[in-house]
Amino acid sequence: MRQSILEGAPALAAELAQQSLRDGVDPLIAVNHGFAPGITFAGDQFGRGEMFLPDLLACAEAMKAAIKILEPEIVKRGSQREILGTVVLGTARGDIHDIGKNLVATILSASGFQIFDLGTSVTPEQFVAKAKEVDADIVGISALLTTTMVGQRAVIEALDRNGLRPRVKAIIGGAAVTAKWAAEIGADGYSRNAIDALELAKSLMGKGTPVA
Ligand code: B1M
């Protein structure tokens, strides 16, 4: 299972997931001990610069294929996977870049976060409405353009206006985003890549090492 993820082989991962169900393996065990070590290892390699982005995306696709097979069975058995937190994610208004945001969504989802992905060019009002609807713990705003980074500030201001913060944490990211910008707009955190975003989200939920 681990190898099918590392090889970025969705068909093989899905087949192994099906086989594990046929063999009576608890789907939670299959996720946590079979497939998850693969995506964790791939993420570590990517973080160290030892894996290229397309390979990480392929690993993520394989992970998604396995989870797609196992998740309905997990729900059916009533054995809930531990949810680390609920995250509303989107790209800022006016911005259609979504490759990095999708990667963040996949890594967080594969690691136990419940993700509500609003897609691209999301308005502050849409972020706020979804955060209220799903009782989000974290709102994540991606922006790739210097012209759309102001949209991150607008979302944070809207969360404040609606009284959602400080309970709801706001995190930001994207190629041009810096720690200085995050501090300037009062974000609860920023990360340079999807792996750091996972560490950041975990630490905001009190489940990991604090991120500076
Ligand atoms: Co655009 N684009 N693009 N583009 N594009 C950039 C961003 C640019 C830097 C290219 C350049 O000129 N060198 C430039 C921005 C300049 C600036 O503002 N400073 C630019 C421009 C100008 C534009 C257009 C305006 C071009 C035009 O039409 N004249 C236009 C804008 C359209 C719009 O949004 N309104 C445009 C369009 C496009 C495409 C549609 C062609 C395509 C997007 C396809 C898609 O996303 N579906 C595209 C692409 C692919 C790029 C580049 C080449 C690559 C972006 C990417 O996917 N990187 C980009 C140049 C570059 O960044 N080197 C560029 C890979 C991805 C994995 O990395 O997105 O950085 P990244 O995500 C990382 C981290 O940033 C972080 O984790 C991710 C994974 O590790 N991260 C987060 C991201 N979001 C996060 C959120 C978090 C935490 C971490 O928490 C919430």
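Residues numbered from 1 in each chain as written. Predicted model: local features only at pLDDT ≥ 70, side-chain atom pairs only at ≥ 80, totals over all residues. Heavy atoms only, no water.

1. Focus on the pattern of salt bridges
Then comes step 1: Across all of its chains, the model carries 11 salt bridges by this definition.
Then comes step 2: Close ionic contact of Asp-135 with Arg-167 constitutes a salt bridge, the shortest N to O distance being 2.8 Å. Of the two residues, Asp-135 sits in the loop between helix H6 (124–134) and strand E3 (138–142) while Arg-167 sits in the loop between helix H7 (149–161) and strand E4 (169–173), which places them 32 residues apart along the sequence.
Then comes step 3: Under the relative-accessibility criterion, Arg-167 is labelled partly exposed at 46%.
Then comes step 4: In this structure, the salt-bridge partner of Asp-188 is Arg-165, at a minimum N-O distance of 3.0 Å. Here the residue Asp-188 occupies a position in the loop between helix H8 (179–184) and strand E5 (189–191), and Arg-165 occupies one in the loop between H7 and E4, the gap between them amounting to 23 residues.
Then comes step 5: Residue Asp-188 is classed as partly exposed on the basis of its relative accessible area, which comes to 31%. (Salt bridge = Lys/Arg side-chain N within 4 Å of Asp/Glu carboxyl O. Helix = DSSP H or I, 4+ residues; strand = E, 2+ residues; numbered from the N terminus. Buried < 20%, exposed > 50% of the residue type's maximum accessible area, 1.4 Å probe, protein only.)

2. A short note on the coordination of the cobalt atom of the ligand
Then comes step 1: Among protein residues, the single donor to the cobalt atom of the ligand is His-97 (NE2), with a metal-donor distance of 2.1 Å.
Then comes step 2: Relative to the assigned elements, His-97 resides in the loop between strand E1 (85–91) and helix H5 (99–110). (Donors = N, O, S within 2.8 Å, 3.2 Å for Na, K, Ca; no water.)

3. Looking at H5
Then comes step 1: In this model H5 runs 16 Å from its N-terminal to its C-terminal C-alpha over 12 residues, within 8% of the 16 Å that 1.5 Å per residue would give.
Then comes step 2: Of the residues making up H5, those classed as buried are Lys-101, Leu-103, Val-104, Ala-105, Thr-106, Ile-107, Leu-108 and Ala-110.
Then comes step 3: With its phi angle positive at about 115°, Gly-112 sits one or two positions after the end of H5. (Expected span 1.5 Å × (residues − 1).)

4. Thoughts on the packing of helix H2 (residues 10–22) against helix H3 (residues 27–47)
Then comes step 1: Where H2 meets H3, the axes come as close as 10 Å, and the angle between the chain directions of the two elements is 140°. Looking at the two axes, H2 sits oblique to H3. Of the two elements, H2 crosses H3, and the hand of that crossing is right-handed. Packed against H2, whose contacting residues are Ala-13, Leu-16, Ala-17, Ser-20 and Leu-21, the element H3 presents Pro-27, Ala-30 and Phe-35 at the interface.
Then comes step 2: For the contact of H2 with H3, the class distribution of residues is seven nonpolar, one polar and no charged. (Axes fitted to C-alpha atoms, helices over the stretch in contact; angles between N-to-C directions. Parallel < 35°, antiparallel > 145°, perpendicular 65-115°, else oblique. Left-handed = near helix turned anticlockwise from the far one by under 90°. Contact = heavy atoms within 4.5 Å. Nonpolar A, V, L, I, M, F, W, Y, C, P; charged D, E, K, R; others polar.)

5. What to know about the site of the ligand
Then comes step 1: If you check the shell around the ligand, you find 27 residues, and the closest are Ile-96, His-97, Asp-98, Ser-142 and Thr-146.
Then comes step 2: In the model, a nitrogen atom of the ligand is placed 2.7 Å from a nitrogen or oxygen of the His-97 side chain.
Then comes step 3: A distance of 2.7 Å separates an oxygen atom of the ligand from a polar atom in the backbone of Asp-98.
Then comes step 4: Mapped onto the shell around the ligand, the elements with two or more residues apiece are H5, E3, E4 and helix H9 (194–204).
Then comes step 5: Ranked by residues supplied to the shell around the ligand, first place goes to H5 with four residues.
Then comes step 6: Among the residues forming the shell around the ligand, the class breakdown is 14 nonpolar, 10 polar and three charged. (Near = heavy atom within 4 Å. Polar contact = N/O pair within 3.5 Å; in protein donor to acceptor, adjacent residues only side chain to side chain.)

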